[in-house]
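# An overview of the molecular structure
Letter by letter, the chains look like this.
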Amino acid sequence: MPLNCGIVGLPNVGKSTIFNALTSAKAQAANYPFCTIDPNTGVVTVPDQRLAKISDLIKPKSLVPTTMEFIDIAGLVEGASKGEGLGNQFLGHIRATDAVCHVVRCFDDPEVIHVAGGVNPLHDIDIINTELLLADLDTVEKRHTKVERSAKATADQKIKSEHVMLQKLLAVLNAGKPARTADLTDDERILARDLFLITMKPQLYVANVDESGLTDGNKYTALVEQRAKEEGAEVVAICGALESEIALLEPSERDEFLADMGLKEPGLNRLIHSAYRLLDLITYFTAGVQEVRAWTIKRGTKAPGAAGVIHSDFEKGFIKADCYASDDLFLYGSEQAVKEKGLLRSEGKEYTVKDGDILFFKFNV
């Protein structure tokens, strides 16, 4: 199952326009709030030139890229944490995502209504972040009230540990800071997972600009970049309207169009790569005459865990993995040449898979 990012923001900031271009889906895009009522979901391929290069050398029958899932979630308004707009429905959808792509309007257009009456990216960001924080604060307060009573009446260390964790979360949330800034131990972070806190998720800002702001930004993107720097977050500038045009072109026409615009790749590719980095993901490959395929794993995953992404039986019965770097394949031109150079290795259970590894798993169930 692909990891996913929820696309959020105020109404009419360009979420659905970007989502449509990103996924080639047909989410309704309209000039009024709440045109997206149910979350639209699209699975997109992660652009990776290495996959095609491996395929050129291995000559497989099929080629399968790795994917990410994007969810276009209905526009949030001030008061959502108290049920305004789509309220809890919105918050429920976003709790299920792995990361948050926060779209911020950074363009002027009198033809497109702004729900707050005017373009002000920092005000927009504060509305969204405040509502997410208040929703998390409500969750933590309810859980804390319940656990506090139990912690006083028991010697159970798990309950006492949870109580300490909740107190740490309350402190940062009451200070107006996201849950991810809390100084939690590894064990406390595991306990916190059950709370499904929204502000615990990593966040990426997507500055939706017009064409004039695409290359060097504008007065609005400068504000978003400064805020992101303060939060240790990333920013990707995208022209949603332009990306919609690019998405409709054939691949050959797309390259020519991008060249004419002075762009190396679509902005949506940069968004996907940024989301990939945001979730600290890497790609490894399996390669043979039947199929060359890319797989997504968390950085730091051991070989058995990487095998488990293919099938749980691979992880359970893991014996070893034959491994070499895709860069070595590109350098020497064939798997046989890589072997002759002594660069194909046999790795065991403690091997940490690296980005770009080509793996062949051996297992016994």
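All figures in this text were calculated on a predicted structure; none of them were measured in a lab.

Rules used throughout
Residues numbered from 1 in each chain as written. Predicted model: local features only at pLDDT ≥ 70, side-chain atom pairs only at ≥ 80, totals over all residues. Heavy atoms only, no water. pLDDT = per-residue confidence, 0-100. Contact = heavy atoms within 4.5 Å. Axes fitted to C-alpha atoms, helices over the stretch in contact; angles between N-to-C directions. Helix = DSSP H or I, 4+ residues; strand = E, 2+ residues; numbered from the N terminus. Parallel < 35°, antiparallel > 145°, perpendicular 65-115°, else oblique. Nonpolar A, V, L, I, M, F, W, Y, C, P; charged D, E, K, R; others polar. Core = buried A, V, L, I, M, F, W, Y, C linked by side-chain atoms within 4.5 Å. Buried < 20%, exposed > 50% of the residue type's maximum accessible area, 1.4 Å probe, protein only. Arc of directions from axis to C-beta. Pairing = 2+ DSSP bridges. Phe/Tyr/Trp six-rings, centres within 6.5 Å; stacked < 30°, edge-to-face > 60°. Lys NZ or Arg CZ within 6 Å of the ring centre and 35° of its normal.

### Concerning the confidence of the model for the protein chain
Per-residue confidence for the protein chain gives a mean pLDDT of 86; residues scoring 70 or more make up 88%. Below pLDDT 50 for its whole length, residues 26-37 participates in 32 contacts with residues either more than four positions away or in separate chains. This model gives residues 83-87 a pLDDT under 50, and the stretch forms ten contacts once residues within four places in sequence are excluded.

### Side note on the packing of helix 1 (residues 15-23) against helix 10 (residues 267-278)
Where helix 1 contacts helix 10, the two axes come as close as 10 Å, and the packing angle between them is 90°. It follows from the interaxial angle that helix 1 and helix 10 lie roughly perpendicular. Contact residues: Ile18, Ala21 and Leu22 in helix 1; Leu268, Leu271 and Ile272 in helix 10. Tallied by class, residues from the contact of helix 1 with helix 10 come to six nonpolar, no polar and no charged.

### Focus on the nonpolar core
Counting residues in hydrophobic clusters, the biggest one holds 38 residues, and the most contacted among them are Cys5, Leu22, Met68, Phe70, Cys101 and Leu271. Top element by residues in this core is helix 10. It accounts for six residues. Counting 16 residues, the second-largest nonpolar core is a separate cluster that includes Leu137, Val147, Val172 and Leu184.

### Side note on helix 2 (residues 49-58)
Turning to helix 2, its buried residues number three or more, namely Arg50, Leu51, Ile54, Ser55 and Ile58. The arc that holds the buried residues of helix 2, viewed along the axis, is 140°, so those residues lie on one side. Where helix 2 is buried, its residues touch strand 3 (62-64), strand 8 (281-287), strand 9 (291-298), strand 10 (318-325), helix 13 (326-332) and strand 12 (357-363). Of the residues one or two after helix 2, Lys59 is the one with positive phi, at around 60°.

### Some remarks on helix 9 (residues 251-261)
In terms of burial, helix 9 is largely open, as just one of its eleven residues are buried. Following helix 9 by one or two positions, Gly262 has its phi on the positive side, about 75°.

### Observations regarding the pairing of strand 4 (residues 67-72)
Two faces belong to every sheet, and in a regular strand the side chains alternate between them. By the criterion of burial, strand 4 is predominantly enclosed, with five of the six residues buried. Here strand 1 (residues 4-8) pairs with strand 4 via four bridges, running parallel. Bridge assignment links Asn4 to a residue of strand 4, and that residue is Glu69. Pairing of strand 2 (residues 40-45) with strand 4, which is carried by six bridges, proceeds in the antiparallel orientation. Within strand 4, the position partnered with Gly42 by the bridge is Phe70.

### So, the packing of aromatic side chains
The tally for this structure, following the rule as stated, stands at three aromatic pairs. Plain terms: the ring middles of Phe318 and Phe361 are 6.3 Å apart, the flat faces sit at 65° to each other, and that makes the pair edge-to-face. Taken together, the residues span a long stretch of sequence, with Phe318 in strand 10 and Phe361 in strand 12 at a distance of 43 residues. In this structure Phe318 comes out as buried when scored by relative accessible area, which is 6%. Since its relative accessible area comes to 9%, Phe361 is described here as buried. By the ring-pair criterion, three or more aromatic residues cluster together here, those being Tyr284, Phe318 and Phe361. Stacked on the ring of Phe330, the Lys or Arg Lys53 has its end atom at 4.3 Å from the ring centre. Of note, Arg105 hangs over the ring of Phe107, and the distance from its end group to the ring centre comes to 4.5 Å.

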